[in-house]
Structures are given as structure tokens and as C-alpha cells.
Amino acid sequence: MIQKINRLGAETIHGAIIHFVADGNTIERDGESVTVDATTLPTLDEALAHGKCLGQIYQWKWGATYKTLTRKGVYPPTQRHTTRDSKILQGVKPTFATQDVNLEALALEYGLKKLPAQGTKVVPFTNASGCLPGWLFIQVVDSYRTTGSDGNLINVRLRGELGLQDGGSDNVDDLKDVPFEFPITDFSACEFENVGIEVA
């Protein structure tokens, strides 16, 4: 049963569960293998079944960037000379971090699209873009809930490119800190679903 909440505040702690499905991966659909690409997108259930969970996420943000435009002149409603600032969305680049090292993180760290088979040698840093195009699925959850078996609040599907933030991963004591980024490349393919927040 999905938990319904009508107020967000101190009683909810938002966390994120993130799955990634790279272009070229295959998923099973209606008894057939389907190859994922920019136009063939997986559903959330398919992403959970065939995608890669990117680990225990401890830090994340949406990373929206805006450009400020300043307009000067006589503002008709007031008939006075006015300076007005307007914001325009320039892009969205979600960033998130985990200490769970996965195959995608290792491939990106060494400039590869995917890790070779064990015992195989390849030339590193041949992935010129330094990223992996694909689909990102973010489940925003209330990790502080005291009732309900499902704390899912919001589902978000994004189309973009998975990469490492500048500098890549860092060694932190005995753990490795892996900072991912996912610049959105196609806003029309993105989707937001309110799962568990009552708005009326």
C-alpha cells in the first residue's frame, strides 16, 4: 500500500533510489528482446528489472541552472521607467553521490563505455564524450516514514547522459566516493509522476 501524505516537512526525509538503463542494453518485453535507445525507452518496472541500481545514494540535487535577463523601459501597467529581471531555464543537470562502486562508475573513471571481460586488455580513455547516454529513473522516497510498506512519493524519468562530476571519484578512508552527474538532453522525453503526495 502506498503511503499518502498531505504535508511535507520535518516528518519526512527525502531520499532517492536511482536506476540507470544505458543505450544498447536489452530488455524483455512481451517475450521479445528490445534494445534500448533514444526512442525505445523502458518503463519503470523494466528499469527496476533490467537496469542498474546506482547504489546507496547519500547526496543528490536537481541542479537546475537559470539565466537572468534584465529588461529596462517604461512598464505599461505602471507607466513608470522600470528595470525588471526575468529568469529563463537554461538546463538541468542532476548530481548525486554514492559510496557503492559499480561497473558504470569504473568504466567512466577509465574512459570506457563498458568494462571489458576479465582478462581482456583494451585501450583506456577512448570514450571521447566521457559519458553514457541512456535513461535515469529516480524514485523519491520518504525514508523517515513510520507507517506503510512503500514510501515512494515521486517517480521521475529522465533522458540524458550519465557521467562523473569533474575530478571523478575520490578515495575516502576505506570507501570510495563516486559523484555522478546526468545532464538532461531531451526534456520532451522526461516524465514526472506524483505517486504518494496528496495535493487536495
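Residues numbered from 1 in each chain as written. Predicted model: local features only at pLDDT ≥ 70, side-chain atom pairs only at ≥ 80, totals over all residues. Heavy atoms only, no water.

(A) The overall build of the protein chain, seen in detail. Per the secondary structure count, the protein chain includes two helices and 13 strands. The 200 residues of the protein chain split such that 36% are buried. A sequence separation of at least 24 residues applies to 64% of the contacts in the protein chain between residues at least 6 apart. Total accessible area on the protein chain is roughly 12,600 Å²; 50% of this is exposed by carbon and sulfur atoms. (Helix = DSSP H or I, 4+ residues; strand = E, 2+ residues; numbered from the N terminus. Buried < 20%, exposed > 50% of the residue type's maximum accessible area, 1.4 Å probe, protein only. Contact = heavy atoms within 4.5 Å. Areas by Shrake-Rupley, 256 points an atom, 1.4 Å probe, with all protein chains shown as cover.)

(B) Inspection of the side chain of Asn 152 at higher detail. In this structure, Asn 152 sits in strand E10 (residues 152-164). Under the relative-accessibility criterion, Asn 152 is labelled buried at 7%. At 3.4 Å, the side chain of Asn 152 forms a polar contact with the backbone oxygen of Ile 154. A polar atom in the side chain of Asn 152 sits 3.3 Å from the side chain of Asn 155. (Polar contact = N/O pair within 3.5 Å; in protein donor to acceptor, adjacent residues only side chain to side chain.)

(C) Region of the structure containing the side chain of Glu 181. Mapped onto the elements of the fold, Glu 181 is located in strand E12 (residues 175-181). We classify Glu 181 as buried; its relative accessible area is 17%. Once you skip the residues sitting within four places of it in the chain, Glu 181 turns out to touch Lys 93, Pro 94, Thr 95, Glu 161, Leu 162, Gly 163, Leu 164 and Gln 165.

(D) Representation of the nonpolar core within the structure. One finds Ile 18, Phe 20, Phe 96, Leu 136, Ile 138, Leu 162 and Phe 180 to be the most contacted residues of the largest nonpolar core, which totals 25 residues. Sorting the residues of this core by element identifies strand E1 (14-22), helix H2 (103-109), strand E9 (131-142), E10 and E12 as the ones contributing at least two each. Among the elements that take part in this core, E10 stands out by supplying six residues, more than any other. Residues in contact with Phe 20, not counting those within four places in the same chain, are Gly 51, Lys 52, Leu 54, Glu 104, Leu 132, Pro 133, Gly 134, Trp 135, Leu 136, Leu 162 and Phe 182. In terms of nonpolar packing, the next biggest core, distinct from the first, is built from eight residues, Val 21, Val 36, Phe 137 and Ala 189 among them. (Core = buried A, V, L, I, M, F, W, Y, C linked by side-chain atoms within 4.5 Å.)

(E) Spatial organisation of the packing of aromatic side chains. Going through the model one piece at a time under the given rule, you end up with three aromatic pairs. Each ring, one from Trp 60 and one from Trp 62, has its centre 5.5 Å from the other, and the planes form 85°; the classification is edge-to-face. Overall, the relative accessible area of 24% leaves Trp 60 in the partly exposed class. Here Trp 62 falls in the partly exposed class, since its relative accessible area comes to 34%. The ring of Tyr 66 carries Lys 87 above its face, with NZ or CZ at 5.7 Å from the centroid. Directly above the ring of Trp 135 sits Arg 159, whose terminal nitrogen or CZ lies 5.1 Å from the centroid. (Phe/Tyr/Trp six-rings, centres within 6.5 Å; stacked < 30°, edge-to-face > 60°. Lys NZ or Arg CZ within 6 Å of the ring centre and 35° of its normal.)

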